[in-house]
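Fold and geometry: a report
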Amino acid sequence: MDAFKLQDTTSTDTVYANGSNSEKINFAAKYGTPTKPLVLSCTAAVATSDKYCQFNIGILLTRTDTATQQTVTVIANGGETNVGNSVVFLKGKNTAEIILPIKISKAKSTLTITLGELPPEQDKNRDNNSFKVKTMVTTN
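Thresholds, definitions, all that
Residues numbered from 1 in each chain as written. Predicted model: local features only at pLDDT ≥ 70, side-chain atom pairs only at ≥ 80, totals over all residues. Heavy atoms only, no water. Helix = DSSP H or I, 4+ residues; strand = E, 2+ residues; numbered from the N terminus. Polar contact = N/O pair within 3.5 Å; in protein donor to acceptor, adjacent residues only side chain to side chain. Pairing = 2+ DSSP bridges. Axes fitted to C-alpha atoms, helices over the stretch in contact; angles between N-to-C directions. Contact = heavy atoms within 4.5 Å. Salt bridge = Lys/Arg side-chain N within 4 Å of Asp/Glu carboxyl O. Buried < 20%, exposed > 50% of the residue type's maximum accessible area, 1.4 Å probe, protein only. Disulfide = S-S within 2.5 Å.

1. Quick look at the side chain of Gln-70
Relative to the elements of secondary structure, Gln-70 occurs in strand 6 (residues 70-77). At a separation of 3.3 Å, a polar atom in the side chain of Gln-70 contacts the side chain of Arg-63.

2. Structural notes on the sheet that holds strand 6
Reading across from one edge, 3-10-9-6-7 is the order of the five strands in this open sheet, with mixed pairing throughout. Across the chains shown, the open sheet's two edge strands, defined by having one partner strand only, are strand 3 (38-41) and strand 7 (83-89). Across the sheet, the axes of successive neighbouring strands diverge by a mean angle of 25°, strand direction being ignored. With eight bridges connecting them, strand 9 (residues 107-115) and strand 10 (residues 130-138) associate as antiparallel partners. Counterpart to Thr-110 in the pairing with strand 10 is Lys-134.

3. Some details on the environment of Val-83
Here Val-83 is to be found in strand 7. Separated by 20 residues in sequence, Val-83 and Lys-103 place their C-alpha atoms 8.8 Å apart. Filtering out sequence-adjacent residues up to four positions away, Val-83 remains in contact with Val-74, Ile-75, Ala-76, Leu-100, Pro-101 and Ile-102.

4. Re the pattern of salt bridges
In the structure shown here, the tally under the stated rule is one salt bridge. Of the charged contacts, one joins Glu-80 and Lys-51 as a salt bridge, the two residues approaching to 3.6 Å between their closest N and O atoms. One end of the pair, Glu-80, is in the loop between strand 6 and strand 7; the other, Lys-51, is in the loop between strand 4 (47-48) and strand 5 (52-62), with 29 residues separating them in the sequence. A relative accessible area of 30% places Glu-80 in the partly exposed class. Exposure remark for Lys-51: the relative accessible area of 56% places this residue in the exposed category.

5. Some thoughts on the state of the cysteines
The tally for this structure, following the rule as stated, stands at one disulfide. One disulfide in the model links Cys-42 with Cys-53; its S-S distance is 1.6 Å. Taking the sign of the S-S torsion, about 90° here, the bridge from Cys-42 to Cys-53 comes out right-handed. One end of the pair, Cys-42, is in the loop between strand 3 and strand 4; the other, Cys-53, is in strand 5, and eleven residues separate them in sequence. Here Cys-42 and Cys-53 have matching classes, each one buried.

Here is the structure:
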């Protein structure tokens, strides 16, 4: 059996502002990339406080080897607290979606999305396991 090899954390290093949906990525939603800031309004948040607005952020993962089921952890840093969760690639599938509830500070900040450590036989290229997206959250 060939070893697992993840292609990337997302096909385009993109995060999606998923609104209230916490199950599937809304690919038509506002999005951010390393070269395009994600601009959001607290009026679209799922929760707010004096310091932050919480958004469901969708991330698409891909892999090249689909021979077996695989569990991957995704961690988001840069919000009010670090958030992480696991997602399962089903056997035969090369994509998986994960939605993280991230509390983003009002004003400017930067989210860093990182795959959790995988054994070397499951991930031959660790250089593509992290990316950053600048965010701007307005109060209106």
